[in-house]
Structure formats: C-alpha cells, structure tokens
Amino acid sequence: MLDAWMIGIVGVIALGVLLEILLPEGQTGKYVKGAFSLLVVFVIAAPLPSLFGALKDWDPDYSDVAPDYGFVAETADEYERECSRRIESVLAENGYESEVKVVIKEGSVSEIGEIEVILYLPVLTPEEVNKHISSAAEIASRTLGAAADTVSVAAKTGGGNGSA
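Residues numbered from 1 in each chain as written. Predicted model: local features only at pLDDT ≥ 70, side-chain atom pairs only at ≥ 80, totals over all residues. Heavy atoms only, no water.

K.L.:
If you had to explain the overall build of the chain to someone new, which residues and values would you point to?
P.N.:
Assigned secondary structure in the chain consists of five helices and three strands. Residues classed as buried in the chain amount to 22% of the 164 residues present. Of the contacts made within the chain by residues no fewer than 6 positions apart, 53% connect residues no fewer than 24 positions apart. Summing over all exposed atoms, the chain offers an accessible surface of approximately 11500 Å²; the carbon and sulfur share of this is 62%. (Helix = DSSP H or I, 4+ residues; strand = E, 2+ residues; numbered from the N terminus. Buried < 20%, exposed > 50% of the residue type's maximum accessible area, 1.4 Å probe, protein only. Contact = heavy atoms within 4.5 Å. Areas by Shrake-Rupley, 256 points an atom, 1.4 Å probe, with all protein chains shown as cover.)

Shown next, in the form of structure tokens:
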C-alpha cells in the first residue's frame, strides 16, 4: 500500500512539472494549477482514511505495551521517602526533632494524600505545644506545596526519640 502511495505522489509531481511547462501564463493556467493543487492534496491524503480505520480496530487490551506497575509502585515509595526526609530536614533547620511519614495517593506516583508528623518536644504548656504543632504543620505544608488539610501533627513531650 505504501509503495502505491509513493508511486502516486511521484506521478503527480511528474504531471505537475509537465503542466508547469505546457500551460500558458493566463487565467486558464491559474485555474488548471488550482485544480491540480487540489489533486495533489487528495493524493497525499489518500491513505489517511485507511489509517484511521486501522486505528479504530486497534484494541489496547491486546497491545504489547503495558505499564510496569512494579516500577510505578517503587517510584511512589521512593518519592514518599524523599518527601519525608525533606520535611524532616526543614523541620530540623527550624529546631524541631521529628519523624515524618508522607503517604502518596493510591494509583499516583506523586500526588500527596497525607503527611503525618510526630514532633518530639520538651515539656511545655499546652498553649506552647499548640504553637509548635501549628508551626510544624505550616512548615510541612509549605515545604511540599501540599494542602493544609493533608497534614496531621502529633506532639510527644518529655524527651526525644533517642536520635541526635
């Protein structure tokens, strides 16, 4: 089919060269060249309907192309770990000892579903603890550009988690 199409294009080009040589420059020549241009478009576009027909019959269920779900899950897990480390680092820069767990939404590689933060605080009054919780939630949300309602912060007072 492709060979016939190429031969048709070459034939139309040869006919166009012949018409260019033989036609006079007047009004008739302009009309003939316009009609010939339309013929060239039709010859070039001729295989498109059969191509679209072939695409219509294509069934992706029988295709050899399929996503590698193991790779997708592995990528999402690595993204979760990296986001958690990033928030912990920013919180440490702001003087907070913490543990962070980022959860990616099911079926996504990078859409954040939930951010869980545990702050290790010294013994403080409830008002001070609430200030630190609000501050940590805002830092976590801003660090990843996540919605504020995806962040939950819990505080453990009276000592750290044992890490430096």
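Next comes the rest of the write-up.
K.L.:
Talk me through the packing of helix α4 (residues 69-93) against helix α5 (residues 126-144); I want residue IDs and the actual numbers.
P.N.:
Where α4 contacts α5, the axes come no closer than 10 Å and their chain directions differ by 130°. One way to sum up the angle between α4 and α5 is to call them oblique. Here the hand of the crossing between α4 and α5 comes out right-handed. Between α4, through Cys 83, Arg 86, Ile 87, Val 90 and Leu 91, and α5, the contact on the second element is made entirely by Ala 136, Ile 139, Ala 140, Thr 143 and Leu 144. Classifying every residue of the contact of α4 with α5 by side-chain character gives eight nonpolar, one polar and one charged. (Axes fitted to C-alpha atoms, helices over the stretch in contact; angles between N-to-C directions. Parallel < 35°, antiparallel > 145°, perpendicular 65-115°, else oblique. Left-handed = near helix turned anticlockwise from the far one by under 90°. Nonpolar A, V, L, I, M, F, W, Y, C, P; charged D, E, K, R; others polar.)

K.L.:
Can you explain the nonpolar core? Please cite residues and give values.
P.N.:
Membership of the largest hydrophobic core comes to 20 residues, with the highest contact counts inside it found for Ile 87, Leu 91, Val 102, Ile 115 and Val 117. Within the residue set of this core, elements represented by two or more residues are α4, β1 (97-104), β2 (112-121), α5 and β3 (151-157). Dropping the residues within four chain positions of it, Leu 91 is found in contact with Tyr 96, Ser 98, Val 100, Val 117, Ala 136 and Ile 139. (Core = buried A, V, L, I, M, F, W, Y, C linked by side-chain atoms within 4.5 Å.)

K.L.:
Quick rundown of the sheet that holds β2? Include the residues and the values.
P.N.:
On the basis of which strands lie adjacent, the open sheet formed by three strands has the order β1-β2-β3 and mixed pairing. Strands at the two margins of the open sheet, each flanked by one partner only, are β1 and β3. With strand direction ignored, the average angle separating the axes of adjacent strands in the sheet is 15°. Contacting β1 and β2, α4 runs over the sheet at an angle of about 150° to β1. (Pairing = 2+ DSSP bridges.)

K.L.:
Break down the packing of helix α1 (residues 2-22) against helix α2 (residues 27-45) for me, with residues and values.
P.N.:
A pair of packed helices can be characterised by two numbers: the angle between their axes and the separation between those axes. Contact pair α1 / α2: the axes reach a minimum separation of 10 Å and the direction vectors enclose 170°. One finds that α1 runs roughly antiparallel with respect to α2. Contacts between α1 and α2 involve Trp 5, Gly 8, Ile 9, Val 12, Leu 15, Gly 16, Leu 19 and Glu 20 from the first element and Val 32, Lys 33, Phe 36, Val 40, Val 43 and Ile 44 from the second. In terms of residue class, the contact of α1 with α2 is built from 10 nonpolar, two polar and two charged.

By themselves, these observations are geometric and do not establish any function.
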